Amino acid sequence: MGSLHDPLSLLQDLKVTVHHSCLVFPSQQTQKKTVFLSNIDQVLNFDVQTVHFFGAHKDFPESQIVAEKVKDALAKILVPYDFLAGRLKLNPNTSRLEIDCNASGAGFVVASSEYALDEIGDLVYPNSAFAQLVCSAMDSRILNPATGDDHDHDQPLCILQVTTFKCGGFAMGISNNHATFDGLSFRLFLDNLAAVAANKPLVAIPYKDRHILAARSPPHVPFLHPELQELKNMSTLDDFNPTVFEATQEELDFNIFRLTATDVARLKDKAKSTTASSSFNVVTALIWRCKALSSSSSSSDDDEDVNHKTAASSSSSRESRILYAVDIRPRLKPPLPKAYTGNAVLTAYASAKCRELEEVPFSRMVEMVSEGATRMTDEYARSVIDWGELHKGFPHGEVLVSSWWRLGFADVEYPWGKPRYSCPVVYHRKDIILLFPEQEDMHEYSSSTSTTSTTTTAGRAGAAGVNILVALPHKEMQKFQALFHKFLLDD
């Protein structure tokens, strides 16, 4: 059955030394222009950090060879991805974020660790020390060597760090502003980066015109959109950095709940009365039930609340809303180009009273999750985009499920091989639950001799196990864990 993933030991300090930092510029002259950002892009002004671990490779025995190869590939990829060498700016006339495509460069950092790759611990577990493998901001003396002035708007939209390990393996850490890519377009970027590094043609030419997701004129919002919350007074660049995505200072427990392929199949069997029982839907329904019923506002301990029955009654009538991402590329009319580079993912939702989540059959919960995705038609997606033209706001719900399960980053074939594991750098967020593939599954993919498409990867990952990363206050974590295992054990 599903198990709690508990690593034996984690290094808190990877003993990383930075040897060199610089800006990398496009290898050819690029056009100076302003890049329009859609209303989906507008609210994603925060950095996403990922780490891609590679074992030693016989063709790259020296660390500087890999670093130079990556640096050269980065300079070349900044030609078709010219916006990555630009800078984010706020247009004072429209109060909209834009990318100034000015060839100011991407960041590049070379570092080393005193450890071997096998010594740093379980790669699947969200070790906060992995943040040392990613550069979040470039030194102002590199950005502005003449003055050394430190301005946030001068920071690159993309910084790539190569950290070598004493075993010959290395990590490629990438920090990029989320306004540049969603998960699928970032996967295509990695495919193209790998192709350029191997002196091959691009896998696909990026489609960069984001006006294709511009709001209608006039905007038309025929739906209520309870999954969105309006925020006021957004007039500066900092206002577009949503606090909902910031790490909390609250003390949280971290746990990874592992579902094997057999566990996922068992969940599907529990939901066999519905045709909506995809792997993602059943896992998300399980998460929703456990999170809603373990919430501190959903229940209370007898010894802490003399009005336990009243509190329980009140909490059972509380509405719980779960959020999850839906790719709108194939849902629009006409569909978006597959190589669209911007953000083309919107937030679907399902909501119900806690009493209902406790009492209804599991198949009904799966149906509610499926209905949230089905709701995302062309008209609904356009309504969300137009809502963003009239309001400034962000997704609003009890918990967001962010799935890295099917993105297939570890299927990317570089000249130095496929990653041993790829993962985001994880911070304390109790309202975001992450789904990761198993490392064993990634090794299996890496043994393949052919390059698989994103669609193929999704199918294979969907049939495999998944790791569920949960961060909650201690008491809520205990309740979540008990509910999780109880449901898996129930017939």
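Look up a bit, the structure's there.
Residues numbered from 1 in each chain as written. Predicted model: local features only at pLDDT ≥ 70, side-chain atom pairs only at ≥ 80, totals over all residues. Heavy atoms only, no water.

### Describing the overall build of the chain
For the chain, the helix and strand inventory stands at 13 helices and 18 strands. With 491 residues in all, the chain has 53% of them scored as buried. (Helix = DSSP H or I, 4+ residues; strand = E, 2+ residues; numbered from the N terminus. Buried < 20%, exposed > 50% of the residue type's maximum accessible area, 1.4 Å probe, protein only.)

### Looking at the sheet that holds strand E3 (residues 33-36)
Judged by pairing direction, the sheet is antiparallel, and its 3 strands sit side by side in the order E3-E6-E5 without closing on themselves. With partners counted over all chains shown, the strands left at the sheet margins are E3 and strand E5 (87-91), one partner each. Neighbour-to-neighbour, the strand axes of the sheet open up by a mean angle of 40°, direction not taken into account. (Pairing = 2+ DSSP bridges. Axes fitted to C-alpha atoms, helices over the stretch in contact; angles between N-to-C directions.)

### Quick word on the pattern of salt bridges
Applying the stated rule across the entire model yields 23 salt bridges. Lys58 serves as the salt-bridge partner of Asp59, at 3.3 Å between the closest nitrogen and oxygen. Owing to a relative accessible area of 46%, Asp59 belongs among the partly exposed residues under this scheme. Residue classification places Lys58 among the exposed positions, given a relative accessible area of 71%. (Salt bridge = Lys/Arg side-chain N within 4 Å of Asp/Glu carboxyl O.)

### Here's the deal with helix H2 (residues 63-77)
The end-to-end C-alpha separation of H2 is 21 Å, in line with the 21 Å expected for 15 residues at 1.5 Å each. Packed against the buried residues of H2 are strand E2 (16-24), strand E7 (106-113), strand E8 (158-164), strand E9 (170-177) and helix H4 (183-197). (Expected span 1.5 Å × (residues − 1). Contact = heavy atoms within 4.5 Å.)

### A word on the pairing of strand E6 (residues 96-101)
Of all 6 residues that make up E6, 5 are buried, and the element is covered over most of its length. Here E3 runs beside E6; their pairing, made up of 4 bridges, is antiparallel. Within the sheet, the bridge partner assigned to Val35 lies in E6 and is Ile99. Here E5 pairs with E6 via 5 bridges, running antiparallel. For Leu88, the partnering residue across the bridge sits in E6 and is Ile99.

### Observations regarding unusual backbone geometry
With glycine set apart, most residues show a phi of negative sign, and most peptide bonds adopt trans. At the junction of Ser217 and Pro218, the peptide bond is cis and its omega measures out at 0° in the coordinates. One can find Pro218 in the loop between H4 and strand E10 (228-230). Cis rather than trans, the peptide bond between Lys333 and Pro334 has omega equal to -5°. Along the chain, Pro334 turns up in the loop between strand E12 (319-327) and strand E13 (345-353). The backbone of Ser95 sits at a positive phi, close to 60°, despite the residue not being glycine. With respect to the helices, strands and loops of the structure, Ser95 is situated in the loop between E5 and E6. On the accessibility criterion, Ser95 (33% relative accessible area) is partly exposed.

### Let's talk about the nonpolar core
Counting 139 residues, the largest nonpolar core has Phe53, Leu259, Val283, Trp288 and Ile468 as its most contacted members. Sort the elements by how many residues they give to this core and helix H6 (residues 279-294) lands first, with 10 residues. In contact with Ile468, not counting residues within four places along its chain, are Asn255, Ile256, Phe257, Leu259, Val283, Ile287, Ile433, Leu434, Leu435 and Phe484. Membership of the second largest hydrophobic core comes to 6 residues, among which are Leu23, Val109, Met138 and Leu143. (Core = buried A, V, L, I, M, F, W, Y, C linked by side-chain atoms within 4.5 Å.)

### Quick notes on the sheet that holds strand E4 (residues 47-54)
In spatial order, the strands read E2-E7-E8-E9-E4-E16; together these 6 strands make up an open sheet with mixed pairing. Whereas interior strands pair on both sides, the edge strands pair on one side only; in this sheet they are E2 and strand E16 (421-424). When strand polarity is set aside, the average angle formed by the axes of neighbouring strands in this sheet is 15°. Relative to E9, E8 runs antiparallel, the two being bridged by 7 bridges. Bridged to Ile159 within E9 is Ser175. Contacting E2, E7, E8 and E9, H2 runs over the sheet at an angle of about 165° to E7. Contacting E4, E8 and E9, H4 crosses the sheet at an angle of about 135° to E9.

### Section: the pairing of strand E17 (residues 432-437)
Of all 6 residues making up E17, 6 are buried, and the element is well covered by its neighbours. For strand E15 (residues 399-403) and E17, the ladder comprises 4 bridges, and the chain directions are parallel. Among the inter-strand pairings, Leu400 is bridged to a residue of E17, identified as Ile432. Relative to strand E18 (residues 466-472), E17 runs antiparallel, the two being bridged by 4 bridges. Bridge pairing links Pro437 to Val466 in E18.

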